[in-house]
Amino acid sequence: MARDRSDNIFVFPRWTWVLRPGFAAAVAGGLLYAGLIVWLGFSPKTTDVGYAPEQPVPYSHALHVGQLGIDCRYCHNTVEQAAHAAVPPTQTCMNCHATVRKESEKLIPVRASYASGLPVGWIRVHDLPDYVYFDHSAHVRRGIGCVSCHGRIDSMDVVYQFAPLSMGWCLDCHRNPERHLRPVEFVFQLDWVPEEDQLVLGRRLREAGGINPPVDCNTCHR
Amino acid sequence: MPSLINETGPMYWRSLDELARTPEFAEAVRREFPNDEWDRLPAATRRQFLQVMGASLAFAGLTACRWPKEEIVPFAHRPEDRVPGVPQHFATSIELGGVALGALVTSYDGRPIKAEGNPEHPDSLGALSAVAQASVLGLYDPDRSRQVILRAGGQEYAKSWDEFEADLAGQVTGSGDGLAVLSEASSSPSLGRLRDRLLAARPAASWYEYEAVSFDGERDGLRTAFGRPLHVLPHLDRAHVVACFDADPLFEHPAAVRLSRGFAASRDPHRPDGMSRLYVVEAGYSLTGGRADHRLAVPASQVVGLLAALAAAVMERLGMPVPAGLGDAGGGPSPESFLAKLADDLLAHRGAGAVLVGPRQDPLAHALAAVLNAVLDNAGSVVSYHELADPDRPSHLAAIGELSARIAAGSVKTLVILGGNPAYDAPADLRFAELLGRVPNAVHLGLYDDETSRACRWHLPQAHPLESWGDGRAWDGTLTLQQPLIEPLYGGRSPIELAAALLDPVPVRGWEIVRDTVRAVAPAADFELHWRRCLHDGLVAGTAAPAAAPQLDLEAVSQLALAQEPPPAPSANALELVLAPDSKVYDGRFANNGWLQELPDAVTKITWGNALLLSPTTARELGVAQEDVVAVSAGGASVEVPVDVLPGLARFTALLSLGYGRTAAGGVGNDIGTDAYPLRTTAAPWVIPRATVRPLGRRQKLACTQDHHAIDTIGFGERNRRVANLVREASLDAYLEDPEIFRHMDHHPPLEQLWKEGTYEGEQWGMAIDLNACTGCNACVVACHAENNIPLVGREQVIRQREMQWLRIDRYFRTPQGVAPDEVEDAAMVFQPVACVHCENAPCEQVCPVAATQHTADGLNAMVYNRCVGTRYCSNNCPYKVRRFNFFNYRKRMADIAKMQLNPEVTVRSRGVMEKCTYCVQRIEKVRIAAGNDRRPIRDGEISPACAQTCPTRAITFGNLNDPSSEVSRLRGDHRSYATLEELNIRPRTRYLARLSNPAAAAHVDAGGGDHGKETA
Amino acid sequence: MSATTVDTRALLDNTTDDPRRRAPLVLNHTEFGFVTDTVCGVVERTTPRSWYIAFAAALLMTGVMFAMITYLITTGIGVWGIQVPVGWGFAIVNFVFWVGIGHAGTLISAILFLLRQKWRTSINRFAEGMTIFAVVCAGIFPGIHVGRMWVAYWLFPVPNQMQMWPNFRSPLLWDVFAVGTYATVSLLFWYMGMIPDLATLRDRATTRLRWFVYGVLSLGWRSSNRHWHRFEMAYLLLAALATPLVLSVHSVVSFDFAVSIIPGWHTTIFPPYFVAGAIFSGFAMVVTLVIPTRHFFRLQEIITLRHLENMSKIMLATGMMVGLAYSTEFFIAWYSGNAYESFTFLNRAFGPYAWAYWIMVTCNVVVPQIFWSKRMRTNLVVMWIASILINVGMWFERFVIVVSSLSRDYLPTSWGYYRPTIIDVLTFAGSFGLFFTLFLLFVRFLPIIGMAEVKGVMPAALHGEPGHGDYHGDVVERVGRRGGAR
């Protein structure tokens, strides 16, 4: 038992002590790195923003809204009355395209749908979980601009997801709406910028409209 | 209206323009008879599959890969007024037993998802019965027949309508010799019109009408008394004394919804001319019996005797000559005390009383009631009589008897059966199922390929009422329209369309038929406008049958009475067996409706089946106990059924409900419960004398949502002690004496608030439930089921105490202290609807570790399904036990077609989460957003939860407690207002209004235990 | 007392109290070598076949448990007997049961240590091990009893995009922390106490593998004065740290019930009542395990009859505390005048679950009474059977508290009767499998008796006999410093 311990690798020589801080630092750093990867890498900010699926028809908002200046409500005409900003029926497209670009093969699916009565299958970009009940009318009628959640659609050739649409992101705005409130007449004007400081304006509008967004669970979950 | 089959998919709770289209779904719709057994647990393999899904869901969060790609499928041409995701409402009607009940059906993106009452309709007044509401589920029943079937040579062939018509054209020719039509009870003028045309065009043809549950007793009785059959319409709101002899105007009556409203009005203690008093004589508890101030339990056969004795007594007191045969017609027991009291009361309130008799009773009883109402001047004031559309048709029993005779004689070549299920529910002695086999060309139009279809040559899929045009008459005769909300899912046709097909080969659309009828019945200058108006209202205004002033023929009544020989009094070895239509599956037609199967019977609280009801003492004397299986024999036939021991039944009287034991109902209804029809004969259709009960030494569990296990003495005593405080009741006199009487009933020290008081701004939602109005009819339970996507769990799960209804109606029997469980002879029955009461200091909120249930600014106790991890701590800590848990994914085996019923506004819960009443938060949010959009306050009564909306007696009131002028605030200020378990200081937001009884001066009801219904035969 | 007198008397019964001298804690031997050889022998001798058999059986049961858990997770907790009103069944009962078992270890190691109870030395390692294994078994149940296991991590305060935190008002959350802390500290305590012995095993290692494994585990222990000094310090601190935990854990566990409003749960007596019960069951389990072990590995001279007798006395004491708690509950139910409360207890004793209640009373209150008699206290068979009965009784105590209270609360319409399913039963049985698997591995590969500590209380250590080398010199000084033996 009382044997010479020089051969015993489990009895560390003194000089190894200098390695201890390094070792500790390495371990701590590793953990921190792993944490950051999970925290940032898996957050909706990273994963969902920028999602831009290819649509059956290469419809360009940049062209129709940005250049031709068509109002959002020309197509999404239920946005002020209903929860859903309904995607327009094929009919709406054909209002113009019956005459404009009537031969374009990009429009074949649209014409086909118009003829057959079967819908065009658009790919959903802004997809909330099914247990979330979002109401467009409640937001636009109170002065939240389209741009706040959808970004500058009028400059998008292919629509992509602009905001994380995560619960935390919703809550940020529900807690301080003044950052996004604007006069209702400018809700659909994507390039509108306030003359004064947004916060000042926002507070005033909030005051005037008595806008206090609820943050109760059942505001969105039913 | 486009057929939705191809456009609907799994994302059924989203709006149509967002539905993902899946070919599997379209496939599933066409799939033949998808297997869907509610009453069995999912097979393990299915569960594994589920788990894979569960796990993949779980990891979706971690790996952060996007959820499956979703497609948006907008209309190609959107209809003018259609806003995707915004529901529309259409007025239509649901006919039951030949009486049409007006309904307002919610259609969500073209899918009818919920039926509510039509406020315009005289029989509905905005409310709807449980059964009528459940018809929506029937529409999406995956077991509905999907095609024309030809049965020949023991083979089944799938045929088309054209092939059938071709075949029919060959069979039905010339004078229509050998052609017979058997229709189920119907008040449809269109069908009547077609019938007359058919009989005119084909004079040799014959038309019969049969339905197991009918009101022919009343027809014949009044025919005797008045010379012609009439409808009796009581106006209970005007009544002061109501005497029900085996009658159940509050539930069993076709116009029960309307009558309940009237009854509730008459029970208002603040009614200027005082509260009405209710006497009930019956064999076993009916819902009306539950509200009786004086109740007498006698065998059904003895009722007529008592009625005769009463009539004799009354006429004597009026100094009128008593017709022969009345005085001694009874022979049965006649407890003077009860009858004397009743006679006094009726005489004291001449012209303000009503004597009602139920459909079970034979004509004499109805005639006697007519006599009483006449001599007491009630006729014309409280009871009005209305002419019938078809006064001359023979009674249903006579009709089916004649038809059977003709079939037996071989003179029927082609028999067309419009709906109904005679092979199952015709009187046993006719052996109708066998007879059908002898008809060379029997055709059955039915929603299901049921017992009758299987005995016929042709089966034709019937269009569901929500899929087809039609019409009918309300109890008071109002012409009620029925319009489709969706294309027939399986290409079915309606009875009127088939009837039309018998006339001319070219198919006529129901729409035209109904239009013609309306044009004929109510001609108008501008018909288009009139027609649109009628469609909008769901009825043709001013078509109610005028009240008649018939002449009483005492002589005829006395003759009938003399002809009657007194029935034998039942004894231990010769019981009286009383049959009744089931409170849920009715005559068996709703056997495949999961909502109704899982709905607890109002009185027994039994789901998924029926049982033989015996009173405790009778059971003891027969030596049978709860859940013993017994053989019930009468007239040579015998059936096996488990026993349910229940107070309030007459001695030596057994109650058994019809409609169960179906063999071809579908995946849900097959082999559930016991079929009682074999005991039912033409001679004794309802009250069967000399029945015997023999224990078989087996036991069978009853899927009961209350008293889940036989109650022991300790529990029994404690329950009785607690009832008085949970369901508070006092006599009207006691209440008027001391309005604070109900406040005196809470015994607890002053309640100290541990936390600092919350601030109450804006809307603060609350509810008041008036136990004095509640009749326990279950309409609210089904409404909640339909509105909130509550899953069905099946028989086995109910037995394991895992029922899911958010709203339950607690039923208590209040027995006198110190009576042992097996000695209870008579007990007062009281009801108390219980759902989440949204406590201010909610115990559930404290204990949830993940904050999945929280208090909202407007005072709701919100349950967040997507946050819940399922510790079930909240349920444990809930003193009302109103929280429900998804022990499995009860949706797993839900047929895709059935998913079309789900309400898109409510999250569909999956396995492992808790759920409970939300005060219909989706309705609250909808109104809140709409009001906010228009910058206006929410009006009182603008929001009404599903339960309150459909309550026939308006017993449930919902509103803003912060608004002192709101109805709910007013009610909570009422002297009768109290909270259950207030002593826990949990501050429930749902409070109750105490129940009042109004016994005649002699008997008094103290708060402790109801004295009423003490007297017993 | 001199070593020679001890040597001459080859005795195994050291329970006779002789006022003239303190009874020896290690019998018939005075030299440290004996202890080292005996304890290390357990690990070093070739594995007996009987061990393999026992291990196989335990492993099988463990397999059963994991099979059941897999079935549970794939299917839904509906496979259990739970329902409404009884939302908690076997899972929570087992959890509380196992946590309770896990109390003896830390109690013996920490509290008896601080109280200078020298007799603890020969059983503390053993008890600590048992504690760890019990806590492992306990830890399984809260994890699997939730409806959606895959989001159970929401119980931990992890930052997330939902900006949601757990509800810190919920006792279940307190549980998470209480049990977590307890498990960590117990594990540390157990392992740290083992280091010197692991070093001994390392130094005695004959095979390269053993030498390496024990080497790694002993963290380069050199048993220098400095090492011993640090060791003693840490041990003392950990003991001080662990002591409050013994009381806190089961108090917090009892809050799961005490904080709720269910009659039969909502009681202020629960914390002390649960702790007493836990110690009770803990010691019972130690006895259940120790009796066969000491017999099998011939440790009678180190784990002496006196040790067992002492434990019997503790069981008698705690058993009576539990009995007192039972009667107090009844008294308060009556005295408080709370109708619901009084019904609950009437219902316990005479309602549908009376059978469970009377099993509990018999096993926990009646059975321990036999320990008044010394003959019983020193009769191994009796003691062993009694200890098992007590374990049964303590399980039923939790069953009665959890199930019978829930089955009949406020509204009579929602009363119910809970029946466990076969899955419930097999899962519970399986948890024993896991427990014994771990335990068998422990007795096979780790020093089941704290050699260094036992040596520290031997006469030789107290008188500092020469010729044992500096190693044991350390021990002598150490014990001297600690002043444990005067």
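Everything numeric here is computed off the predicted structure, so don't read it as measured data.

So, the overall build of chain C
Part 1 of the argument: Regarding its fold elements, chain C presents 19 helices and 0 strands.
Part 2 of the argument: Looking at chain C as a whole, 62% of its 486 residues are labelled buried.
Part 3 of the argument: Considering only intrachain contacts with a sequence separation of at least 6, the fraction spanning at least 24 residues in chain C is 79%.

Considering the overall build of chain B
Part 1 of the argument: Along the backbone of chain B there are 31 helices and 38 strands.
Part 2 of the argument: By the compact-globule yardstick of 31 Å for 1017 residues, chain B fits well, its C-alpha radius of gyration being 28 Å.
Part 3 of the argument: In terms of overall dimensions, chain B has a C-alpha envelope of 75 × 70 × 65 Å along the principal axes.
Part 4 of the argument: Residues counted as buried form 66% of the 1017 residues belonging to chain B.
Part 5 of the argument: When contacts within chain B are restricted to residue pairs at least 6 apart in sequence, long-range pairs at least 24 apart make up 75% of them.
Part 6 of the argument: Looking at chain B as shown, the accessible area adds up to about 33,100 Å², and 55% of this sits on carbon and sulfur atoms.
Part 7 of the argument: Between the averaged position of the 101 positive side-chain charges in chain B and that of its 124 negative side-chain charges there is a distance of 5 Å.

Some details on the pattern of salt bridges
All names here are of chain B.
Part 1 of the argument: What the rule picks out here adds up to 78 salt bridges over all chains.
Part 2 of the argument: Its salt-bridge partner being arginine 928, residue glutamate 763 comes within 3.7 Å of it at the nearest N-O pair. Here glutamate 763, found in the loop between α23 (732-737) and β28 (765-770), pairs with arginine 928, found in helix α29 (residues 921-933); they are 165 residues apart in sequence, far enough to count as distant.
Part 3 of the argument: Note that arginine 989 is salt-bridged to glutamate 840, the shortest N-O span being 2.7 Å. Of this pair, arginine 989 sits in the loop between β36 (977-978) and β37 (990-993) while glutamate 840 sits in the loop between β30 (828-834) and α26 (843-847); the two residues are 149 residues apart in sequence, bridging distant segments of the chain.
Part 4 of the argument: Relative accessible area serves as the criterion here: at 4%, arginine 989 is assigned to the buried category.
Part 5 of the argument: Here glutamate 840 falls in the buried class, since its relative accessible area comes to 15%.

Side note on the environment of valine 246 of chain C
Residue and element names in this part refer to chain C.
Part 1 of the argument: Among the structural elements, valine 246 can be located in helix α9 (residues 225-258).
Part 2 of the argument: Judged by its relative accessible area of 0%, valine 246 falls in the buried class.
Part 3 of the argument: Placed 142 residues apart in sequence, valine 246 and alanine 104 show a C-alpha to C-alpha distance of 8.7 Å.
Part 4 of the argument: Excluding its chain neighbours within four sequence positions, the residues that come into contact with valine 246 are His103, Thr106, Leu107 and Ile111.

Some words on the interface of chain B and chain C
Part 1 of the argument: Counting residues at the interface gives 62 residues for chain B and 63 residues for chain C.
Part 2 of the argument: Together chain B and chain C conceal approximately 5,300 Å² of surface at their shared face, both sides included; 58% is due to carbon and sulfur atoms.
Part 3 of the argument: On the surface where chain B and chain C come into contact, there are 2 salt bridges.
Part 4 of the argument: Across the salt bridge formed by aspartate 409 of chain C and lysine 881 of chain B, the nearest N and O atoms sit 2.8 Å from each other.
Part 5 of the argument: At the boundary of chain B and chain C, one finds 33 residue pairs in polar contact (both at pLDDT 80 or more).
Part 6 of the argument: Elements supplying a minimum of two residues to the side of chain B that touches chain C: α2 (44-63), α22 (713-726), β29 (808-814), α26, α27 (873-876) and β33 (884-885) of chain B.

With respect to the environment of glutamate 218 of chain B
All names here are of chain B.
Part 1 of the argument: Topologically, glutamate 218 is positioned in helix α6 (residues 216-226).
Part 2 of the argument: Its relative accessible area of 10% is what places glutamate 218 among the buried residues.
Part 3 of the argument: For the pair glutamate 218 and glycine 358, spaced 140 residues apart in the sequence, the C-alpha separation amounts to 8.0 Å.
Part 4 of the argument: Not counting residues within four places of it along the chain, the set of residues in contact with glutamate 218 comprises Leu230, His231, Val232, His366 and Trp475.

With respect to the side chain of glutamate 329 of chain C
Part 1 of the argument: With respect to the element layout, glutamate 329 of chain C can be found in helix α11 (residues 305-335).
Part 2 of the argument: Discounting chain neighbours no more than four positions away, the residues touching glutamate 329 of chain C are Ile269, Phe270, Tyr273, Phe345 and Arg348 of chain C.

As for the pairing of strand β16 (residues 441-446) of chain B
Residue and element names in this part refer to chain B.
Part 1 of the argument: The buried fraction of β16 is high, at 6 of 6 residues.
Part 2 of the argument: In β16, alternate side chains face the same way, and those of Asn441, Val443 and Leu445 on one face and Ala442, His444 and Gly446 on the other are all buried.
Part 3 of the argument: Where strand β15 (residues 414-418) meets β16, 5 bridges bridge the pair, whose relative direction is parallel. When the sheet's bridge partners are listed, isoleucine 417 is paired in β16 with histidine 444.
Part 4 of the argument: Sheet topology note: the β16/strand β17 (residues 458-461) ladder contains 4 bridges and is parallel. Directly across from valine 443, in β17, lies its bridge partner tryptophan 458.

With respect to unusual backbone geometry
Part 1 of the argument: In this structure, the amide linkage connecting valine 84 of chain C to the following residue, proline 85 of chain C, adopts the cis form with an omega of 10 degrees.
Part 2 of the argument: Within the chain, aspartate 109 of chain B stands out as a residue other than glycine whose phi angle is a positive 50 degrees.
Part 3 of the argument: Phi angles above zero are rare outside glycine, and asparagine 778 of chain B is one such case at about 80 degrees.
Part 4 of the argument: Within the secondary structure, asparagine 778 of chain B is located in the loop between β28 and α24 (779-787).
Part 5 of the argument: Taking relative accessible area as the criterion, asparagine 778 of chain B reaches 5% and is therefore assigned buried.

Focus: the packing of aromatic side chains
Residue and element names in this part refer to chain C.
Part 1 of the argument: Per the counting criterion, the structure on display carries 71 aromatic pairs over all chains.
Part 2 of the argument: With a centroid separation of 4.8 Å and 55 degrees between ring planes, the pair formed by tryptophan 98 and phenylalanine 432 is classed as tilted. With tryptophan 98 in helix α4 (residues 90-101) and phenylalanine 432 in helix α16 (residues 422-445), this pair connects stretches of sequence that are 334 residues apart.
Part 3 of the argument: Assessed through its relative accessible area of 0%, tryptophan 98 is described here as buried.

A closer look at the pairing of strand β26 (residues 687-699) of chain B
Residue and element names in this part refer to chain B.
Part 1 of the argument: For strand β21 (residues 575-580) and β26, the ladder comprises 3 bridges, and the chain directions are antiparallel. Paired with valine 578 across the two strands is valine 687, which belongs to β26.
Part 2 of the argument: Pairing geometry for strand β23 (residues 628-634) and β26, over 6 bridges, is antiparallel. When the sheet's bridge partners are listed, serine 633 is paired in β26 with threonine 692.

Rules and cut-offs
Residues numbered from 1 in each chain as written. Chains lettered and ligands numbered in written order. Predicted model: local features only at pLDDT ≥ 70, side-chain atom pairs only at ≥ 80, totals over all residues. Heavy atoms only, no water. Helix = DSSP H or I, 4+ residues; strand = E, 2+ residues; numbered from the N terminus. Buried < 20%, exposed > 50% of the residue type's maximum accessible area, 1.4 Å probe, protein only. Contact = heavy atoms within 4.5 Å. Rg over C-alpha atoms; globule rule 2.2 N^0.38 Å. Areas by Shrake-Rupley, 256 points an atom, 1.4 Å probe, with all protein chains shown as cover. Lys, Arg positive; Asp, Glu negative; His and termini not counted. Charge placed at Lys NZ, Arg CZ, Asp CG, Glu CD. Salt bridge = Lys/Arg side-chain N within 4 Å of Asp/Glu carboxyl O. Buried area = accessible area lost by both parts, 1.4 Å probe. Polar contact = N/O pair within 3.5 Å; in protein donor to acceptor, adjacent residues only side chain to side chain. Pairing = 2+ DSSP bridges. Phe/Tyr/Trp six-rings, centres within 6.5 Å; stacked < 30°, edge-to-face > 60°.

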